[in-house]
Amino acid sequence: MRLALSSSLALLLPVLARAHFTLQYVWANGVDGGYNNYVRVPPNNNPVTDVTSTDLTCNVGGTSGAGVQTLSVAGGANITLEWHQHAQRTGEDAISGGHKGPVLVYIAKAPTTAAAFNGQGAVWTKIYQSGLLTPSSQTWASDVVNANAGKHSVVLPASLPAGEYLLRAEMIALHVAATYPGAQFYIGCAQIKTTSGGSAAPPKVALPGAYHGSDPGITVNIYNNLQSYVAPGPAVWTG
Ligand SMILES: *[C@@H]1O[C@H](CO)[C@@H](O)[C@H](O)[C@H]1NC(C)=O
Ligand SMILES: [Cu+2]
């Protein structure tokens, strides 16, 4: 019995470790930008778990955009973000189905170029979030992304000023979030330049800064017939 248990655990643990994922494609108005283009690519597909770490900004190594191209779009563009476990679009779940939780998108205007922007300080505006969609079936935003081949979309608020931005997409997996640290933050930052826009001055928060380990959207038992969920961070700004 002991032998059987430990050998099945030994088989299971690497599978769980490989079940992580990264942001890999950025689409603009339905056009695929290509594998890992415009993205600050982290060293591996592991999640961030410390909400006080600068890794929460744009994942590990993500405070620098050196060598990363910036995607040029008109203001109000529809940006689709596509995540995968590995460098393959087929043959496995895009994100592993056990990783249940919300999807959030933030944007921050670079003082100069997106590539030179470290994303630190109160610079981030939340422009999208989706969480527990159907409590009766325990359907989460992450389930929809997985069913949609790893993709979700956000329309950039057209009132944002033209300029260079970091677009920060985040999927929080809550399958082991009953104690902190536990929630898994999957973060991908894309470098975007809008060539048109308005003059809005949206509300901003810092990441790290806006999240706390005690937030009910971060330390939560999702396996207790959860009926409502409040994602961490500020309200969505709609422009
Ligand atoms: C954004 O693009 C995606 C993918 O092409 C599409 O499914 C979605 O309907 C678009 N959203 C809007 C608001 O146009
Ligand atoms: Cu994982």
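Named according to an unreviewed UniProt entry, the protein chain is lytic cellulose monooxygenase (C4-dehydrogenating) originating from Mycena albidolilacea. Quoted verbatim from the Sequence similarities (unreviewed entry) field of UniProt, the annotation for the protein chain is "Belongs to the polysaccharide monooxygenase AA9 family."

Engineer: Let's hear about the pairing of strand β9 (residues 151–155): which residues, and what values?
Structural biologist: What you see with β9 is a clean split: H152 and V154 sit on the buried side and K151, S153 and V155 on the side with no burial. Bridge count for strand β4 (residues 78–84) against β9 is five bridges, and the pairing is antiparallel. If you follow T80 over to β9, its bridge partner there is S153.

Engineer: I'd like a rundown of the sheet that holds β4, residues and numbers included.
Structural biologist: Each strand in a sheet pairs with another by means of backbone hydrogen bonds, the pair being arranged parallel or else antiparallel. Reading across from one edge, β2-β1-β4-β9 is the order of the four strands in this open sheet, with antiparallel pairing throughout. One side of each edge strand has no neighbouring strand; the edge strands of this open sheet are β2 (31–32) and β9.

Engineer: So what about unusual backbone geometry? Which residues, and what values?
Structural biologist: Residues Y180 and P181 are joined by a peptide bond in cis, for which omega reads -5 degrees. Within the element layout of this structure, P181 appears in the loop between β10 (163–173) and β11 (184–194). The omega torsion across L207 and P208 is 10 degrees, close enough to zero to call that bond cis. Position of P208 among the secondary structure elements: in the segment after β12 (205–206). The phi dihedral of A149 falls on the positive side, at around 55 degrees, and the residue is not glycine. Positionally, A149 belongs in the loop between α3 (141–147) and β9. By C-beta crowding, A149 is classed as partly exposed, having 13 other C-beta atoms within 10 Å. A positive phi angle, near 55 degrees, is found at N225, a position not held by glycine. For N225, the location among the structural elements is in the segment after β12.

Engineer: Mind laying out the site of ligand 1, listing which residues take part and the relevant values?
Structural biologist: Around ligand 1, the structure places G30, N78, T80, S153 and V155. Contributions of two or more residues to the shell around ligand 1 are made by β4 and β9. Counted by class, the shell around ligand 1 contains one nonpolar, four polar and no charged residues.

Engineer: Any details on the pairing of β4? Residues and values, ideally.
Structural biologist: Two faces make up the sheet, and in a regular strand the side chains alternate between them. Most of β4 is tucked away: five of the seven residues are buried. Bridge analysis of strand β1 (residues 22–28) against β4 gives six bridges, and the strand direction is antiparallel. When the bridges of β4 are listed, A28 appears paired with I79.

Engineer: Go over the UniProt feature "domain: Auxiliary Activity family 9 catalytic" (unreviewed entry) in the protein chain, please, and point to the residues and values.
Structural biologist: Under the UniProt annotation, "domain: Auxiliary Activity family 9 catalytic" (unreviewed entry) lies at residues 20–228. With 5% helix and 33% strand, residues 20–228 has end C-alpha atoms that lie 25 Å from one another.

How each quantity is defined
- Residues numbered from 1 in each chain as written.
- Chains lettered and ligands numbered in written order.
- Predicted model: local features only at pLDDT ≥ 70, side-chain atom pairs only at ≥ 80, totals over all residues.
- UniProt positions renumbered as here; feature names shortened; annotations may be inferred.
- Buried ≥ 20, exposed ≤ 12 C-beta atoms within 10 Å, placed from the backbone.
- Helix = DSSP H or I, 4+ residues; strand = E, 2+ residues; numbered from the N terminus.
- Pairing = 2+ DSSP bridges.
- Near = placed C-beta within 6 Å.
- Nonpolar A, V, L, I, M, F, W, Y, C, P; charged D, E, K, R; others polar.

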